[in-house]
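Next come the chains, spelled out residue by residue.
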Amino acid sequence: MTRVVVAPDKFKGSLTAVEAAEAIALGVRDALPDAEIVSCPVADGGEGTLEVLEAAGARIVRLTVRGPLEEPVQARYAVLDGTAYVESARACGIEFVEPSPATALAAHTWGVGELLADALVHGAKRLVLTVGGTASTDGGAGMLSALGAGVLDAFGAPVGLGGGTLKRVASTELAPVRERLDGVPVAVATDVTNPLLGPEGAAAVFGPQKGAGPAEVALLDEALGRWAHALQVGGAPDVTRVPGAGAGGGVAAGAIAGLGAAVESGFDLIAGLTGVDEALDGADLVITGEGSLDEQSLNGKAPAGIADRARPRGVPLIALAGRIELGPEGLARLGVVGSSALIDHAPSLEHARKHAAELLRARAAELVRAWWAR
């Protein structure tokens, strides 16, 4: 019996990874009615991770937290086998704000700290913080403040919330956070390698997505430098050269320095929970995809992670995406034997997004038939 593994990431703005997997599986069934289909929706530690974890059996905990610009937001985290998975964007995601220069300076991560605190109160034995899609560039200062840290100016007064306020930070008091953790291990799940500072850092790369102009980027980069120094004053290690510390507007840096977090591959972590490796053993074909298949997809994103697992097993790979910006060479690097972009089969981007499930089903069926006929 032909075994097909279906392992897509989310199609942002259209489908969760779970919904995309369901649509693709229907297409595989249309093409090969007798095939064994193994569904393994995946995530890279960014937005959409909680939905994938829920499909893997996690329990979802919901609570109201302080949003990135003070308005309360309905947030959630997942618990699986004693580990709490906190997705930063559920508390301070960019979808909760209107990007602008003011937003870029004011948005904070206090709500992320509230989620972590709630998980600790309810007995979490391990914390995994997933980053990405945040509205903030505060280096995780708000998160640590919510957990009891002092983020202080030269006179010992709190500097307030938001990345812009960190231009005044001089020191930190981290002992209350360590006491609250009480030895609970923490991991930061990310697949980006951006440092905290500089031209590839949190402010320069991600700040403009949040509304920062050149002046705000420069201010935030300087502020994050002061923040890194203040963390060291509080007894934390230097995070300025740690790969990935710039993820989530620097919330990863705050977790590494303030929570003692270890950096882990977001994709590897989630893939291990969803059984991708076991599913690929003995598979005849794997189908992956995401909203946009581009150069970023080659660097730690879910399609590259699936490709890295399929290649040594000799499993051919089909890639589906909302749009494909990789040329033949890039697709070949992933080991793709067939690919299709939904936008190429829709009259408009709006239509492709609205009818993504139908288009995925149809494109999956056509590509599987073509593969089978070879």
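As shown above, the structure is provided for reference.
These numbers come from a predicted model, not from an experiment. (Residues numbered from 1 in each chain as written. Predicted model: local features only at pLDDT ≥ 70, side-chain atom pairs only at ≥ 80, totals over all residues. Heavy atoms only, no water.)

Examining helix α13 (residues 302–310)
Here is step 1: Along α13, 8 of the 9 residues are buried, which leaves the element largely enclosed by surrounding structure.
Here is step 2: Those residues of α13 lying buried are Ala 302, Pro 303, Ala 304, Gly 305, Ile 306, Ala 307, Arg 309 and Ala 310.
Here is step 3: The inward-facing, buried residues of α13 contact α11 (266–274), α12 (276–280), β11 (285–293), β12 (317–324) and α14 (328–334). (Buried < 20%, exposed > 50% of the residue type's maximum accessible area, 1.4 Å probe, protein only. Helix = DSSP H or I, 4+ residues; strand = E, 2+ residues; numbered from the N terminus. Contact = heavy atoms within 4.5 Å.)

Here we look at the packing of aromatic side chains
Here is step 1: The full count for this structure, using the stated rule, is 1 aromatic pair.
Here is step 2: Residues Trp 371 and Trp 372 carry aromatic rings whose centres are separated by 6.1 Å and whose planes lie at 55 degrees to one another, so their mutual orientation is tilted.
Here is step 3: You can call Trp 371 buried: its relative accessible area is 16%.
Here is step 4: Between Arg 66 and the ring centre of Trp 110, over which it is positioned, the NZ or CZ distance is 4.8 Å. (Phe/Tyr/Trp six-rings, centres within 6.5 Å; stacked < 30°, edge-to-face > 60°. Lys NZ or Arg CZ within 6 Å of the ring centre and 35° of its normal.)

As for the pairing of β12
Put simply, side chains in a regular strand alternate between the two faces of the sheet.
Here is step 1: Extensive coverage of β12 is indicated by the burial of 6 of its 8 residues.
Here is step 2: With 7 bridges joining them, β11 and β12 adopt parallel strand pairing. Looking at the pairing, Ile 287 lines up with Ile 318 of β12.
Here is step 3: One ladder, built from 5 bridges, connects β12 with strand β13 (residues 336–341); its direction is parallel. Directly across from Ile 318, in β13, lies its bridge partner Gly 338.
Here is step 4: Taking the sense of rotation as the criterion, the β-α-β connection linking β12, α14 and β13 turns out right-handed. (Pairing = 2+ DSSP bridges. Right-handed = clockwise from strand over helix to strand, strands pointing away.)

Regarding the sheet that holds strand β5 (residues 83–87)
Here is step 1: Reading across from one edge, β3-β4-β5-β6-β9-β10 is the order of the 6 strands in this open sheet, with mixed pairing throughout. In this open sheet, the two edge strands, each paired with only one partner strand, are β3 (59–66) and β10 (262–264). Across the sheet, the mean angle separating the axes of adjacent strands is 30 degrees when strand polarity is ignored.
Here is step 2: The pairing of β5 with strand β6 (residues 126–130) spans 5 bridges and is classified as parallel. Bridging from a neighbouring strand, Glu 87 pairs with Thr 130 of β6.
Here is step 3: Running at roughly 135 degrees to β3, helix α5 (residues 110–121) makes contact with β3, β4 (72–80), β5 and β6 of the sheet. (Axes fitted to C-alpha atoms, helices over the stretch in contact; angles between N-to-C directions.)

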